[in-house]
Structure formats: C-alpha cells, structure tokens
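# Observations on chain architecture
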Amino acid sequence: MLIRYISQLGRYFLMLKEIFNKQTKWSVMKKLIFKEIDDLIIDSLGIVCFISFFIGGVVAIQTALNLTNPLIPKYLIGFATRQSVILEFAPTFISVIMAGKMGSYITSSIGTMRVTEQIDALEVMGVNSLNYLVFPKIVALLMYPFVIGISMFLGIFGGWLACAYGGFSTSEDFIQGAQMEFIPFHITYAFIKTLIFAMLLATIPSFHGYYMKGGALEVGKASTVSFVWTSVCIILFNYILTQLLLG
C-alpha cells in the first residue's frame, strides 16, 4: 500500500514536469485557456456567490446567538464574521466545494478522452497531451483568487444583512466590528492559500483523469477518488500554510 502511494506521488511530480515541456503553439493555447476560464471560473461564480452569501449570514447569526452575555459588545459579531470568512471560510471551505465541482469536471473530461483514445490520438500527432490538456487549466485557475475575493465580500455582506435586518445588532455595530483591528496580511495569507489550492485543483483531478484505465464506470470512480484526494490535500496544505504564515 505504502509503495503504491509513493509510486503515485512520484508519477504525479513527473506529470508536473512534463506539463511544462514541449509547449503547444500559442495560437492554439490561447483558445484553450479562454475555454477553461469559461468552464472553470465563470461557471463557478453562481454557486460560489450563493453559498458565500448565505454561509456569511449563518456565521453572523450563530455568533450573535452565542453572545448571550449582555457585557459582551455586539460589535464582536462583525469582527467574528470577518475573521471567519477571510481566514477560513472563503479560501478553504469554497476550495473543498470546488474540489467537487471543478475536480469532477476535470477528471471526467480528461478521463473520457482517455477512454475514447483521444489522448492517444494527440500523442500520435506529436502533441504533448499533458501540456495541451492540463496547462490551460493551471493558467485559468490563476484567476481563482478573483473568485475567492468575491466570496469574501459576499460572505461579510451576507453576515451584515442577516445581523442588521434580523435584529441581532445594529448595522453600525456590525460595521464597526468588521473594521476593528483589521490586519492586511490576513488577506495576503488567504490569497497565498488560494493560489496553492488552485494548483491542487488543476493538477490532482487532471492526474486521476489522465492516468485512469478502464471504461465509463472507471471514469466515475476516478472522479470520486480525485475529489477525495483533492480535499485531503487542501485540508493538509491549509494546516501547513497556517502554521508557516500565521504560527
């Protein structure tokens, strides 16, 4: 079992090296990159906005309901919502959800090409199939911090609406808390995490799709496995990066 995991890890790093060899012509690559931006980034905005808005509201309400002591100032609701959304919810929780959405799409699309022998056809034509298939996804996901930035804004905005119009505190108290003791490096930390997660979201599902064997049933299994491993790696790197950057 251990040997198999080490072998898979070695194959993954060899795949990363191969992605940047023998680049596809820019005229072709440009179209592929724009297609991946549309499929991976633009198509994900709807679900990200929906989840961020309502989870931000839930965080604010739960914080308010737990601050039952009258001596605790109400502006702490805004402070707790901001910290939760910026530090953990937006970069990490959304990335785990995207591991399901983006990851399944990437694995199934590449896995289907493997099953239907389209990847073999690319290799026969002298095209570096890894560069052709995976590199546009990596470039497209460089825009992933833009998605997380929207998630941060909508999470805090949802918290403000839920708090102010739910009667848990005044709008002024929430905004005061959201501005209180703000540390700009927390945004930097969140975006550093996001870029690492974007790399994992682009490469791990691609790895499982590219090296899968079998038929249509195995494509589904590969999508499930890629989601599990992408989520595990996101959570593991989340711990490591938090320890390095904030510890």
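Residues numbered from 1 in each chain as written. Predicted model: local features only at pLDDT ≥ 70, side-chain atom pairs only at ≥ 80, totals over all residues. Heavy atoms only, no water.

What the protein chain contains, in helices and strands, is ten helices and zero strands. Counting from the amino terminus, helix and strand elements in the protein chain follow one another as α-α-α-α-α-α-α-α-α-α. Relative to its full complement of 247 residues, the protein chain shows a buried share of 44%. Look at the contacts in the protein chain between residues 6 or more apart in sequence, and 87% of them connect residues 24 or more apart. Of the roughly 12600 Å² that the protein chain leaves accessible, carbon and sulfur atoms contribute 71%. For the protein chain, the separation between the mean place of its 16 positive charges and that of its 13 negative charges on side chains is 7 Å. (Helix = DSSP H or I, 4+ residues; strand = E, 2+ residues; numbered from the N terminus. Buried < 20%, exposed > 50% of the residue type's maximum accessible area, 1.4 Å probe, protein only. Contact = heavy atoms within 4.5 Å. Areas by Shrake-Rupley, 256 points an atom, 1.4 Å probe, with all protein chains shown as cover. Lys, Arg positive; Asp, Glu negative; His and termini not counted. Charge placed at Lys NZ, Arg CZ, Asp CG, Glu CD.)

The next thing to look at is the pattern of salt bridges. This model, assessed by the stated rule, comprises four salt bridges. One salt bridge in this structure joins Lys35 and Asp39, with 2.8 Å as the shortest N-O distance. With Lys35 and Asp39 both in helix H2 (residues 26–41) and four residues apart, the pair spans about one turn of that helix. The class for Lys35 is partly exposed, based on a relative accessible area of 44%. Here Lys137 ties to Glu36 by a salt bridge, and the two come within 3.0 Å at their closest N and O atoms. In this pair, Lys137 is assigned in helix H6 (residues 129–140) and Glu36 in helix H2, connecting sequence segments 101 residues apart. You can call Glu36 buried: its relative accessible area is 8%. (Salt bridge = Lys/Arg side-chain N within 4 Å of Asp/Glu carboxyl O.)

At a minimum axis separation of 11 Å, helix H1 (residues 2–19) and helix H9 (residues 185–210) run at an interaxial angle of 115°. By the angle between their axes, H1 is roughly perpendicular relative to H9. Every pair of crossing elements has a handedness; the one defined by H1 and H9 is right-handed. Residues Gln8, Arg11, Tyr12, Met15 and Leu16 of H1 touch H9, and the partners they reach there are Met199, Thr203, Ile204 and Phe207. Here the residues of the contact of H1 with H9 sort into six nonpolar, two polar and one charged. (Axes fitted to C-alpha atoms, helices over the stretch in contact; angles between N-to-C directions. Parallel < 35°, antiparallel > 145°, perpendicular 65-115°, else oblique. Left-handed = near helix turned anticlockwise from the far one by under 90°. Nonpolar A, V, L, I, M, F, W, Y, C, P; charged D, E, K, R; others polar.)

Quick look at the side chain of Thr194 now. Topologically, Thr194 is positioned in helix H9. Exposure remark for Thr194: the relative accessible area of 0% places this residue in the buried category. A distance of 2.7 Å separates the side chain of Thr194 from the backbone oxygen of Ala190, its partner in a polar contact. Dropping the residues within four chain positions of it, Thr194 is found in contact with Pro91, Tyr144, Pro145 and Ile148. (Polar contact = N/O pair within 3.5 Å; in protein donor to acceptor, adjacent residues only side chain to side chain.)

Now for the packing of aromatic side chains. Within this structure, the stated rule accounts for 13 aromatic pairs. Between the aromatic rings of Phe53 and Phe54, the centroid separation amounts to 5.2 Å while the plane-to-plane angle is 90°, which identifies the pairing as edge-to-face. Under the relative-accessibility criterion, Phe54 is labelled partly exposed at 48%. Ring geometry for Phe153 and Phe157: centres 5.9 Å apart, planes at 5°, overall stacked. Here the residue Phe153 and the residue Phe157 both occupy positions in helix H7 (residues 144–165), the gap between them amounting to four residues, near one helical turn. Phe157 gets classed as partly exposed once you look at its relative accessible area, which sits at 32%. Connected via pairs of aromatic rings, a cluster forms that spans Phe50, Phe53, Phe54, Phe153, Phe157, Trp160 and Tyr165. In this arrangement the basic side chain of Arg11 is found over the ring face of Tyr211, its NZ or CZ atom lying 4.7 Å from the centre. A cation over a ring is seen here: Arg114 above Tyr210, with NZ or CZ 4.7 Å from the ring centre. (Phe/Tyr/Trp six-rings, centres within 6.5 Å; stacked < 30°, edge-to-face > 60°. Lys NZ or Arg CZ within 6 Å of the ring centre and 35° of its normal.)

All right, on to a nonpolar patch on the surface then. Residues Met1, Tyr5, Val225, Phe227, Val228, Trp229 and Val232 make up a contiguous nonpolar surface patch of about 640 Å² in total accessible area. For the nonpolar patch, the element with the most residues is helix H10 (residues 216–245), which contributes five residues. (Patch = residues over 30% accessible without salt bridge, like charges linked within 9 Å, V, L, I, M, F, W, Y side chains within 5 Å.)

This paragraph deals with the packing of H2 against H6. With their axes 8 Å apart at the nearest point, H2 and H6 run at an angle of 55° to one another. Overall, the two elements H2 and H6 adopt an arrangement that is oblique. Our pair here, H2 against H6, has a crossing hand that is right-handed. Contact residues: H2 offers Val28, Met29, Leu32, Ile33, Glu36, Ile37, Leu40 and Ile41, while H6 offers Asn131, Tyr132, Phe135, Pro136, Lys137, Val139 and Ala140. Split into classes, the residues belonging to the contact of H2 with H6 amount to twelve nonpolar, one polar and two charged.

Function cannot be read off these values alone, since they describe shape.
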